[in-house]
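One letter stands for each residue in the lines below.
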Amino acid sequence: MIKNCFLSLLLFLFTLHLTIAQVQPEIIPIPASYKLMEGEFLWDSKVGLIKGDFPEQGTYLQQEALRLLGVTISEGKSSAKSISLRKSENLSEGYKIQIHSKEVIIEAADEEGAFYGVISLLQLAHAAEVKRDNLSLPNWEIQDQPKYEWRGVMLDESRYFFGMDKVKQLLDHMAYYKLNIFHWHLTDAPGWRIEINGFPKLATVGGIGNESDPNAPATYYTQEEIKEIVRYASERMITVIPEIDMPGHATAANRAYPEHSGGGSERYPDFTFHPAKETTYSYLSQILREVDALFPSNMIHLGGDEVSFGNQMWPKDPQVLDLIKNEGLNGMKGVEDYFFERMADTLFQMNNKVLAWDEMAGANLPKDQTIIFWWRHDKKEQLSLSLQNGYSTVICPRIPFYFDFLQQEDHKYGRKWAGAFAPLEDVYDFEVNDYGVKQEEESLIQGIQANLWTETVDNEQRFDFLMYPRIAALAEVVWSQQEVKSYAGFLNRLSVHLEKYKAEKIYYFDPFEPNHHPEPVYEP
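Residues numbered from 1 in each chain as written. Predicted model: local features only at pLDDT ≥ 70, side-chain atom pairs only at ≥ 80, totals over all residues. Heavy atoms only, no water.

K.L.:
Would you take a moment to explain the overall build of the chain for this structure?
P.N.:
Assigned secondary structure in the chain consists of 16 helices and 18 strands. Taking 24 Å as the expected radius of gyration for a compact globule of 524 residues, we find that the chain reaches 25 Å, a close match to that expectation. Projected onto its principal axes, the C-alpha coordinates of the chain cover approximately 80 × 65 × 50 Å. Relative to its full complement of 524 residues, the chain shows a buried share of 58%. Partitioning the contacts of the chain with sequence separation of at least 6, the portion at a separation of at least 24 is 70%. Of the roughly 21500 Å² that the chain leaves accessible, carbon and sulfur atoms contribute 50%. On the chain, the mean spot of the 49 positive side-chain charges and the mean spot of the 77 negative ones are 3 Å from each other. (Helix = DSSP H or I, 4+ residues; strand = E, 2+ residues; numbered from the N terminus. Rg over C-alpha atoms; globule rule 2.2 N^0.38 Å. Buried < 20%, exposed > 50% of the residue type's maximum accessible area, 1.4 Å probe, protein only. Contact = heavy atoms within 4.5 Å. Areas by Shrake-Rupley, 256 points an atom, 1.4 Å probe, with all protein chains shown as cover. Lys, Arg positive; Asp, Glu negative; His and termini not counted. Charge placed at Lys NZ, Arg CZ, Asp CG, Glu CD.)

K.L.:
Just to check I follow, could you spell out the packing of aromatic side chains for this structure?
P.N.:
Working definition: an aromatic ring pair is given by the centre-to-centre distance plus the angle between the planes. Scanning all chains against the criterion turns up 36 aromatic pairs. A centroid spacing of 5.2 Å and a plane angle of 80 degrees characterise the contact between Tyr-116 and Trp-479, whose relative ring orientation is edge-to-face. Taken together, the residues Tyr-116 in helix α3 (residues 111-126) and Trp-479 in helix α15 (residues 470-479) connect sequence positions 363 residues apart. Residue class for Tyr-116 comes out buried when judged on its relative accessible area of 2%. A relative accessible area of 1% places Trp-479 in the buried class. When the ring of Tyr-268 is compared with that of Phe-271, the centres are 5.4 Å apart and the planes differ by 55 degrees; the resulting orientation is tilted. Looking at Tyr-268, the relative accessible area reads 25%, which means it is partly exposed. Members of the aromatic cluster, joined through ring pairs, are Trp-150, Trp-357, Phe-373, Trp-375, Tyr-402, Phe-405 and Trp-453. Over the face of the ring belonging to Tyr-281 we find Arg-342, whose NZ or CZ atom lies 3.9 Å from the ring centre. The ring of Tyr-176 is capped by Lys-500, whose NZ or CZ atom sits 4.3 Å from the centre of that ring. (Phe/Tyr/Trp six-rings, centres within 6.5 Å; stacked < 30°, edge-to-face > 60°. Lys NZ or Arg CZ within 6 Å of the ring centre and 35° of its normal.)

Here it is in structure tokens:
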């Protein structure tokens, strides 16, 4: 009897699984609204492309259809079938797709919407059934727009450097999932990864070493490489935001130019910039001017976190003590805030917004020029403080959005927090409203991002294993409305994406067969 009940339950769940798959378009993130019509569009070699108001997005469709699908699309209307991109006055954001038997129409208000419509069409085609060597796309009507403006991924390359090709591959997948912010953590204690012409030793000396080998040859991005990454991202509707960490996490910079060091602790030597030397501020201002010239985002992240790890020399430094007295500062946190506010002023003079981790939620920064990143999931009061102080806020708590955390209990090499880690389902099920955000504060939530810190990520296999497919779950969290989300539906749609990862030789975590790919070893 128990066995029969169990079999019946399995049959019910399998039927539910199929039903969900049948009524959802094969798109991640799932669109806001969709309707399946009768008929199909057979995508063959005779299909013509009408780029209309969106020539760049049309070209991207041609390039990616060839790369991902092996399909060539010729520009110009075909007598038989066509794909058309059109500007719509009826849409304020997002896109609309109408698939008919003879025509696919993508409508959008702007280039960004048209791009996301192209992405959805590519995903539908990637999942399409092949009939007589043609791709069979069901006739869908889809209207879609993002839930959040900020849909981000952060990559730490200070601890381990991955290089242009890996970053471009990540940007390709961000575009495929409609993610639009690439937060690039380029400086920290282990290494400085960006060329600064005015201070060349930052790269050539500060770029030496990584998390496990302090003597590893210098690795960094030249300014020309930075420009290429920014250009590549822009083609994919992705904004690149650099992080130049201060006043802590400055060990690599201080190795290059020790005269600006504010000291550190036994565990974190030379961890801080000196907060009481005027030369420190002019030095960092020159660096930020070069950084600003490379990144058109008008946003620079200045870190501002974990300063207490290495500010033990500050209370013993006569110059710091004079600073406290002369400026009427409240202890070491007051010094930290003073430093940060001065460097923020430098950014404001360049028409940049300042971005900071949640340690700065109580600093005296202008609300319209500041974005706070809430990362300490165990300190919900910092999220509340940021919102109470009127700061635009990005949500990126360690649990579940630090992707270096374990994905399942028996994994060995990632991180946990009091036993907690970040499995795929927890990423997918995350809801900001579970954290007590008041209705009047909801407009301050800019969005969500995942952060890949690389203390335990010393090779590309581990990078892939930790990023994929959690990046797909992140996409649905930041784009799709709660009422259209379903973890079962997500898993149905995910299977096609795992095949895509496999074809691209990405060493992904398989939630259906967790032991299919063993966890890659971290060997520091």
